[in-house]
Amino acid sequence: SLFSVVKNQLSIVPIGVKESHQMTIFRIIAAILHLGNLEIQAERDGDACSVSSEDEHLNNFCDLLGVEHSQMQHWLCHRK
């Protein structure tokens with residue numbers, strides 16, 4: 001898989017990143033990629049929005065970062 005290739009290359013290249021830190025970096029990158037794939041639905045003439053609690057990218061993002069789904073679902077669409 002592509003992940004295995006990247007992981008192997010990072011362990012070969014002497015960049016000074018421990019394997020345990022590499023996995024943290026991969027988890028953060030994966031979460032960011034899932035965040036970019038969220039489907040945010042516009043509501044009320046574009047004044048409000050929502051994210052489905054069933055959105056697999058929201059669920060993956062929250063699981064990867066260890067954040068609460070309902071809180072993230074709320075704060076993605078509300079400033080205050």
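Everything that follows concerns the structure shown earlier in this document.
These notes cover the structure that comes with them. (Residues numbered from 1 in each chain as written. Predicted model: local features only at pLDDT ≥ 70, side-chain atom pairs only at ≥ 80, totals over all residues. Heavy atoms only, no water.)

### As for the overall build of the protein chain
Logical step 1: Assigned secondary structure in the protein chain consists of four helices and two strands.
Logical step 2: Secondary structure elements of the protein chain, listed N to C terminal, follow the sequence α-α-β-β-α-α.
Logical step 3: Counting over 80 residues, the protein chain shows a buried share of 18%.
Logical step 4: Taking all contacts inside the protein chain whose residues are at least 6 apart in sequence as the whole, residues at least 24 apart take part in 27%. (Helix = DSSP H or I, 4+ residues; strand = E, 2+ residues; numbered from the N terminus. Buried < 20%, exposed > 50% of the residue type's maximum accessible area, 1.4 Å probe, protein only. Contact = heavy atoms within 4.5 Å.)

### Some points on the packing of helix α2 (residues 19-36) against helix α3 (residues 56-65)
Packed helix pairs are specified by the crossing angle of their axes together with the interaxial distance, meaning the distance between the axes.
Logical step 1: Interhelical geometry of α2 versus α3 gives an angle of 155° and a closest axis separation of 8 Å. Our classification of the angle between α2 and α3 gives roughly antiparallel. Relative to α3, the crossing made by α2 is left-handed. Where α2 approaches α3, its residues Arg27, Ile28, Ala30, Ala31, His34 and Leu35 are matched on the opposing element by His57, Asn60, Phe61, Leu64 and Leu65.
Logical step 2: For the contact of α2 with α3, the class distribution of residues is seven nonpolar, three polar and one charged. (Axes fitted to C-alpha atoms, helices over the stretch in contact; angles between N-to-C directions. Parallel < 35°, antiparallel > 145°, perpendicular 65-115°, else oblique. Left-handed = near helix turned anticlockwise from the far one by under 90°. Nonpolar A, V, L, I, M, F, W, Y, C, P; charged D, E, K, R; others polar.)

### Some points on the pairing of strand β2 (residues 48-51)
Logical step 1: Judged from the four bridges that link them, strand β1 (residues 40-43) and β2 form a sheet pairing that is antiparallel. Counted as the bridge partner of Ala42 is Cys49 from β2.
Logical step 2: Hairpin connection from β1 to β2: four residues lie between these consecutive antiparallel strands, with Arg44 at a positive phi of about 45°. (Pairing = 2+ DSSP bridges.)

### Some words on the side chain of Asp55
Logical step 1: Its location among the elements puts Asp55 in the loop between β2 and α3.
Logical step 2: Here Asp55 occupies a buried position and makes no salt bridge, while the nearest side chain of opposite charge, Arg27, is found at 18 Å.
Logical step 3: Of the polar contacts made by the side chain of Asp55, one reaches the backbone nitrogen of His57; its length is 2.8 Å.
Logical step 4: If we skip the residues at most four places from it in the chain, Asp55 touches Leu38 and Glu39. (Lys, Arg positive; Asp, Glu negative; His and termini not counted. Salt bridge = Lys/Arg side-chain N within 4 Å of Asp/Glu carboxyl O. Polar contact = N/O pair within 3.5 Å; in protein donor to acceptor, adjacent residues only side chain to side chain.)

Note that all results are geometric; they support no functional claim without further evidence.
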